[in-house]
Amino acid sequence: RKEVEQDPGPFNVPEGATVAFNCTYSNSASQSFFWYRQDCRKEPKLLMSVYSSGNEDGRFTAQLNRASQYISLLIRDSKLSDSATYLCVAGVNVGNMLTFGGGTRLMVKP
Amino acid sequence: GAVVSQHPSWVICKSGTSVKIECRSLDFQATTMFWYRQFPKQSLMLMATSNEGSKATYEQGVEKDKFLINHASLTLSTLTVTSAHPEDSSFYICSARGEVEVYGYTFGSGTRLTVV
């Protein structure tokens, strides 16, 4: 079983749609959580950190459920430019190690 | 803030040669850098953790004699792929931890290595 699991997709959605990605992690020692965005052939870029209380940044909302070891990302009012692969990341503070999920590919169509 | 500069962006080399990839933290000190490899349509896989002034810690299955890591200063870590073979062709990315709450882990722009 992978340490961080995501549905690879692709998720094909029309512009303006709301789309949600889920992610589960198996290492209960994980303490830091992030969503990264990776465009084709580029490096991952931090989209947002995920806090226990949930957090929102514009059209993006991230939530964490520690009991279920589950992280989610909600994108509202999808734009064409949101098309990318979204990587769920869990980190343990000891050693600062990050474990990446396999990524979920989103394609927003006109 | 928290910029990591990685060079080269891409490199094509002949089988059997060695390739050095550099990562520099430009505006912060990175005591720890991480080296990842990503094959097409796959996720990033951690290869090794590079600690300034000490030996790198390699993940299981990664040959330390093949992938030489040097972290001689707080702002520079290098990965040398020795005696490269076509199966080493991949996207190599470094990462360093800045101020986590604000920047998370900052990645270099990656190096696309093609071994012919």
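Keep in mind that this is a model prediction, so the values were computed, not measured.

Draft legend 1. Structural context of the overall build of chain A. Within chain A, the secondary structure is distributed over 0 helices and 11 strands. For chain A, the N- to C-terminal ordering of α and β elements is β-β-β-β-β-β-β-β-β-β-β. For 110 residues, the compact-globule estimate of 2.2 N^0.38 gives 13 Å, and chain A sits close to it at 13 Å. Across its three principal directions, the C-alpha atoms of chain A cover 45 × 30 × 20 Å. By sequence separation, contacts in chain A at least 24 residues apart represent 57% of the contacts at least 6 residues apart. For chain A, the exposed surface amounts to about 5,400 Å²; the carbon and sulfur share of it is 49%. The positive charge centre, built from 12 side chains, and the negative charge centre, built from 10, are 4 Å apart in chain A.

Draft legend 2. Structural detail: the sheet that holds strand S8 (residues 76-81) of chain B. Residue and element names in this part refer to chain B. With respect to topology, 4 strands assemble into an open sheet ordered S1-S3-S8-S7, the strand pairing being antiparallel. Among the strands making up the open sheet, the edge pair consists of strand S1 (4-7) and strand S7 (67-73). Direction aside, the axes of adjacent strands within the sheet are offset by 15° on average. Here strand S3 (residues 19-25) pairs with S8 via 6 bridges, running antiparallel. The residue of S8 that forms the bridge with Lys 20 is Thr 80.

Draft legend 3. Region of interest: the nonpolar core. Trp35(B), Phe67(B), Leu79(B), Tyr92(B) and Leu113(B) are the most contacted members of the largest nonpolar core, which totals 25 residues. Among the secondary structure elements, those contributing two or more residues to this core are strand S2 (10-13), S3, strand S4 (32-38), strand S5 (45-51), S7, S8, strand S9 (90-97) and strand S11 (111-115) of chain B. For Leu113(B), the contacting residues outside a window of four places in its chain are Val11(B), Cys13(B), Val19(B), Val81(B), Asp88(B), Ser89(B), Ser90(B) and Tyr92(B). Core analysis: the next-biggest nonpolar cluster, separate from the first, contains 24 residues, Val4(A), Cys23(A), Val50(A) and Phe60(A) among them.

Rules used in this analysis
- Residues numbered from 1 in each chain as written.
- Chains lettered and ligands numbered in written order.
- Predicted model: local features only at pLDDT ≥ 70, side-chain atom pairs only at ≥ 80, totals over all residues.
- Heavy atoms only, no water.
- Helix = DSSP H or I, 4+ residues; strand = E, 2+ residues; numbered from the N terminus.
- Rg over C-alpha atoms; globule rule 2.2 N^0.38 Å.
- Contact = heavy atoms within 4.5 Å.
- Areas by Shrake-Rupley, 256 points an atom, 1.4 Å probe, with all protein chains shown as cover.
- Lys, Arg positive; Asp, Glu negative; His and termini not counted.
- Charge placed at Lys NZ, Arg CZ, Asp CG, Glu CD.
- Pairing = 2+ DSSP bridges.
- Axes fitted to C-alpha atoms, helices over the stretch in contact; angles between N-to-C directions.
- Core = buried A, V, L, I, M, F, W, Y, C linked by side-chain atoms within 4.5 Å.
- Buried < 20%, exposed > 50% of the residue type's maximum accessible area, 1.4 Å probe, protein only.

Shape descriptors only; they carry no functional weight alone.
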